[in-house]
Amino acid sequence: MSELLQAVLDSEEKSDLRSFLSELRQQEKKYLLRNDILNVYSEYCSKSQRPEEFYTSSELGKLIYCTQEIIQEDSNFCFIIRSKIASQEVYWLTSDLSIEPMTVQDLLDLRDRLVNKYHPNEGDLLELDFGPFYDYTPIIRDPKNIGKGVQFLNRYLSSKIFQDSKQLLDSLLNFLRLHHYNGVQLLLNDRIQSQQQLSEQVKKAISFVNTRPEDEPYEQFRFQLQSMGFEPGWGNTAGRVRETLNILDELIDSADPQTLEAFISRVPMIFRIVLVSAHGWFGQEGVLGRPDTGGQVVYVLDQAKSLEKQLQEDVLLAGLEKLNVEPKVIILTRLIPNSDGTLCNQRLEKVHGTENAWILRVPLREFNPNMTQNWISRFEFWPYLESFAIDSERELRAEFHGTPDLIVGNYTDGNLIAFLLARRLKVTQCNVAHALEKSKYLFSNLYWQELEEKYHFSLQFTADLIAMNAANFVVSSTYQEIVGTPDSVGQYESYKCFTMPELYHVTNGIELFSPKFNVVPPGVNENNYFPYTRTKDRVESDRQRLAETLFTLEDPAQIFGKLDDPNKRPLFSMARLDHIKNLTGLAECYGQSKELQEHCNLILVAGKLRVEESGDNEERDEIIKLYQIIEQYNLHGKIRWLGVRLTKTDSGEIYRVIADHQGIFVQPALFEAFGLTILESMVSGLPTFATQFGGPLEIIQDKVNGFLINPTNLDETATKIVEFITKCEQNPNYWNEISERGIDRVYSTYTWKIHTSKLLSLARIYGFWNFTSKENREDLLRYLEALFYLIYKPRAQQLLEQHKHR
Ligand code: UDP
Ligand code: LCN
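What counts as what
- Residues numbered from 1 in each chain as written.
- Chains lettered and ligands numbered in written order.
- Predicted model: local features only at pLDDT ≥ 70, side-chain atom pairs only at ≥ 80, totals over all residues.
- Heavy atoms only, no water.
- UniProt positions renumbered as here; feature names shortened; annotations may be inferred.
- Salt bridge = Lys/Arg side-chain N within 4 Å of Asp/Glu carboxyl O.
- Helix = DSSP H or I, 4+ residues; strand = E, 2+ residues; numbered from the N terminus.
- Near = heavy atom within 4 Å.
- Polar contact = N/O pair within 3.5 Å; in protein donor to acceptor, adjacent residues only side chain to side chain.
- Areas by Shrake-Rupley, 256 points an atom, 1.4 Å probe, with all protein chains shown as cover.
- Nonpolar A, V, L, I, M, F, W, Y, C, P; charged D, E, K, R; others polar.
- Pairing = 2+ DSSP bridges.
- Core = buried A, V, L, I, M, F, W, Y, C linked by side-chain atoms within 4.5 Å.
- Buried < 20%, exposed > 50% of the residue type's maximum accessible area, 1.4 Å probe, protein only.
- Contact = heavy atoms within 4.5 Å.
- 1 Å grid on protein atoms, 1.4 Å probe; cavity = no way out; pocket = protein on both sides within 12 Å on 5 of 7 lines; lining within 4 Å.
- Sits in = over half its atoms within 2 Å of the grid points.
- Points joined across faces, edges and corners; volume = space filled by probe spheres on them.

- Labelled according to an unreviewed UniProt entry, the chain appears under the name Sucrose synthase, originating from Nostoc cf. commune SO-36.
- What the UniProt record of the chain gives under Catalytic activity (unreviewed entry) is the line "an NDP-alpha-D-glucose + D-fructose = a ribonucleoside 5'-diphosphate + sucrose + H(+)".
- Per its UniProt entry, the chain bears the Sequence similarities (unreviewed entry) comment "Belongs to the glycosyltransferase 1 family."

So, in structure tokens, the structure goes:
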């Protein structure tokens, strides 16, 4: 029995619970989410004239705080209680306050009944349960350690080496023998055949390198090492080789997690990486701000650059330079023949500023050229993934003259392709979600049938389940992306248990305590985005041109609005014009606050200015809404709306120009998975106000290096900004303080250097883990394949039939 429920029943508040339930019965909604529950409770408290402490400190208050959902059926209720992160309990409360625990199956049946999709006479629905596949893997216990998978795995593996050294060291020996580059054997040769020999030879080699000068190049003693059983890859100098051998020696002798990580991180096993970002417009110019093309493209491009650099450094340190080892990174995306002035119709494009990082674009097969020649919304992309993966495999093999060492998927489509490719190529698979749509759209699973025509969630959620379970490891940008916060469910957590009425029930969709989850936040491109105070790196003519564009230029084709007083403090935002980004909410907040209007102009860089120029439903709706708000609150003279597509350099300079004017950046999204614009604005030195829903909650420390806002509470948001401005007017240094702390926050925590060294270290450790436990995964992968062929593929085929007639 839930302790929280029991505490209410054991207290004098039992009658309050009864009255609260009766209040719930009056509600029109039968399915209440946390916000609704809090509203009903707050109404109940004020109606029954309870003292203020009752609201939070009573037993009932504590129960309500942890209740995520309440579902009413007849006059009874189901309470879903989440008293701890990543775990939920479900209870059935009858009107006479008897309480029964409910099983997950009961809960899913109840949800189906609620939408009239429960058919007990037709037999059971398919039930997906991934739980048994995780039984053999080590599991994290404490929820606060979720997302620190690799630390956990290192501890686990090193304790296994310690307890059962024979088996794991045998695996390690076999693992070290695996590696080669273009046919050249690395690390160990046939002279070392057993664990015993490895241990002896390592000691011998250490004594040998001890006699050499620290910085003697590896090439000069290569053959002596070879005769002892060691091939290239241990280091570029005697000093480095000694260090690596010493770490291995220590590992064999007394394994501990740090030594294991230090050693595996040095194993030269990753030279070729594929980053899959399949949908949308993937390019280096002229693609941002379009529907479906935002942060993911920025993330993948910057990651590719940084990975290449890190791989080059690793190759150098490992002493592989003379072997002509050339690390290569390929971004795999779709080729779009009608490319609207972008380079998305070009098969191969070099990533700017790199030696060997490329965008490889593979065309979709021509099922219907009306579709496949053009951009296809991410919600419609599903039928093309399998054939795209098959065609891409061929192209990748040709480009790499072999196979890659790591495949990283991005977003649902890229992750499914990564699964298909990794399976065929037998390579480590990593997933990056960017945004899981399931938690973005309320009730998206319960009402999937109604939403199917527009969103095809049945395909998307099935693909998510397959890819996230198949991945060797998952990189998330924040902790809450995995398991949320004490009062909100995480994005991955939302896949734990849900119903897709009449399609399937998911009773255990993902193991949140699995060490596969790792929080590795992205960075920001430091060449484009840097503090406004670094004047020597800024181009004066760009600054002037962009200041004119932002505040005064008259160009109705691209800019809406003329400012009465361009010198007022700019309140700035930049985002794609989709519903969740909520730029219209910011405009409304500004429209409702006379004080904000007095102090600031509102400047938005957002998508397009005209409905007829957009091919996306949500974008069109938002354009119409923004014009309505401008009229409704008569914002003429106070607002500028730039429908421009900025180059990368301009998008960096634009934040700095706003900072020159002591402006503010606001990110008002209803939900933001991570939010790269927040890093960009902070590193530019702009005091940043960002949504408290999602990733920004972890980026910004409220009132220390930025501010968190609740974008659904317009009044509160406006007050928070006005308070800041007033404080700046009283103390002109306040703006600088917040600005500097924002800059420090990014440099200390969100750089691509930190990201990629961690990512590569993960890839190596999970590669090793995969090698030692490979046979255990095959059953899971077979189950996932069955889901792919039996559920995903037929549905994708149906959608393809529809596409053929468009
Ligand atoms: N961006 C841009 N022009 C626009 C809108 C966005 O250059 O008109 C860039 C912005 O600078 C950022 C990215 O697109 O680098 C958006 O990433 P974010 O993570 O904030 O949101 P997403 O669009 O991925 O949801
Ligand atoms: C997608 C989003 O919606 C953003 O929140 C992220 O910052 C972006 O991808 C990069 O991961």
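## Let's talk about the pattern of salt bridges
- Tallying each qualifying case throughout the model produces 50 salt bridges.
- Here D391 and R365 are joined by a salt bridge, their closest N and O atoms 2.8 Å apart. Remark: R365 occurs in the loop between strand 12 (357–363) and helix 14 (369–372) and D391 occurs in helix 15 (residues 385–400); sequence separation between them is 26 residues.
- Between D702 and K720 there is a salt bridge; the shortest N-O distance is 3.1 Å. Of this pair, D702 sits in the loop between helix 27 (696–699) and strand 25 (707–709) while K720 is found in helix 28 (residues 714–730), placing the two residues 18 residues apart along the sequence.

## Let's talk about the site of ligand 1
- Ligand 1 sits among 17 residues. The nearest are G295, R576, K581, L676 and E680.
- Contact distances for ligand 1 include 3.1 Å between an oxygen atom and a backbone N or O atom of T677.
- When ligand 1 is considered free in solution it has 540 Å² of accessible area, and contact with the protein chains removes 92% of it.
- Counting only elements with at least two residues in the shell around ligand 1, the list comes to helix 13 (295–318), strand 20 (569–575) and helix 26 (676–684).
- Residues of the shell around ligand 1, tallied by class, amount to seven nonpolar, six polar and four charged.

## Brief notes about the UniProt feature "domain: Sucrose synthase N-terminal" (unreviewed entry) in the chain
- When the UniProt feature table is mapped onto this chain numbering, "domain: Sucrose synthase N-terminal" (unreviewed entry) sits at residues 3–111.
- Annotated as residues 3–111, this span is 52% helix and 27% strand, and its ends, taken at the C-alpha atoms, are 25 Å apart.

## Considerations on the UniProt feature "domain: Sucrose synthase EPBD" (unreviewed entry) in the chain
- Mapped onto this numbering, the UniProt entry annotates "domain: Sucrose synthase EPBD" (unreviewed entry) at residues 148–236.
- The straight-line gap between the two end C-alpha atoms of residues 148–236 is 31 Å; of that span, 56% is helix and 4% is strand.

## Re the sheet that holds strand 19 (residues 559–560)
- The strand order across the open sheet formed by seven strands is 19-22-21-20-23-24-25, and the pairing between neighbours is mixed. Looking at strand neighbours, the two that pair on one side only are strand 19 and strand 25, the edges of this open sheet.
- One ladder, built from three bridges, connects strand 24 (residues 688–691) with strand 25; its direction is parallel. The residue bridging T691 from the neighbouring strand is I709, located in strand 25.

## Digging into the nonpolar core
- One finds F230, L248, F263, F572, L596 and F724 to be the most contacted residues of the largest nonpolar core, which totals 155 residues.
- Leave out the neighbours within four places in its chain, and F230 touches L187, L188, N189, I192, Q201, V202, A205, L225 and L245.
- Ranked by size, the runner-up nonpolar core spans 78 residues in total, among them A470, V483, Y495 and L780.

## Focus on the environment of N35
- The residue N35 is located in helix 3 (residues 34–47) in this model.
- For the pair N35 and L251, spaced 216 residues apart in sequence, the C-alpha to C-alpha distance is 52 Å.

## Let's talk about the site of ligand 2
- Taken together, G295, Q296, Y299, H434, E672, A673, F674, G675 and L676 make up all the residues around ligand 2.
- Between ligand 2 and A673, the relevant distance is 3.4 Å, taken from an oxygen atom to a main-chain nitrogen or oxygen of the residue.
- One nitrogen or oxygen atom from the main chain of F674 is found 2.8 Å from an oxygen atom belonging to ligand 2.
- In isolation ligand 2 has 300 Å² of accessible area, and contact with the protein removes 91% of it.
- One can see that ligand 2 is located within the largest cavity.

## Some thoughts on empty space enclosed by the protein
- Enumeration according to the criterion identifies six cavities of 30 Å³ or more in this entry.
- What the largest cavity holds in volume is close to 900 Å³.
- Along the walls of the largest cavity sit 43 residues, with G294, G295, Q296, R576 and K581 positioned nearest its centre.
- Where the lining of the largest cavity is concerned, the elements lending two or more residues are helix 13, helix 17 (437–440), strand 20, strand 21 (600–606), helix 25 (648–660) and helix 26.
- Examining the composition of the lining of the largest cavity, we find that four residues originate from one element, helix 13, more than from any other.
- Of the residues contributing to the lining of the largest cavity, the split by class is 18 nonpolar, 13 polar and twelve charged.
- Put simply, the second largest cavity is a space of about 210 Å³.
- Along the wall of the second largest cavity there are 16 residues; nearest its centre are T137, N472, K516, W769 and R777.

## Concerning the environment of A470
- Mapping A470 onto the fold places it in helix 19 (residues 457–470).
- Residue classification places A470 among the buried positions, given a relative accessible area of 0%.
- Along the backbone, A470 and L343 are 127 residues apart, and their C-alpha atoms lie at a distance of 33 Å.
- Sequence-distant contacts of A470, defined by excluding residues within four places in its chain, comprise F419, Q429, K516, R777, L781 and L784.

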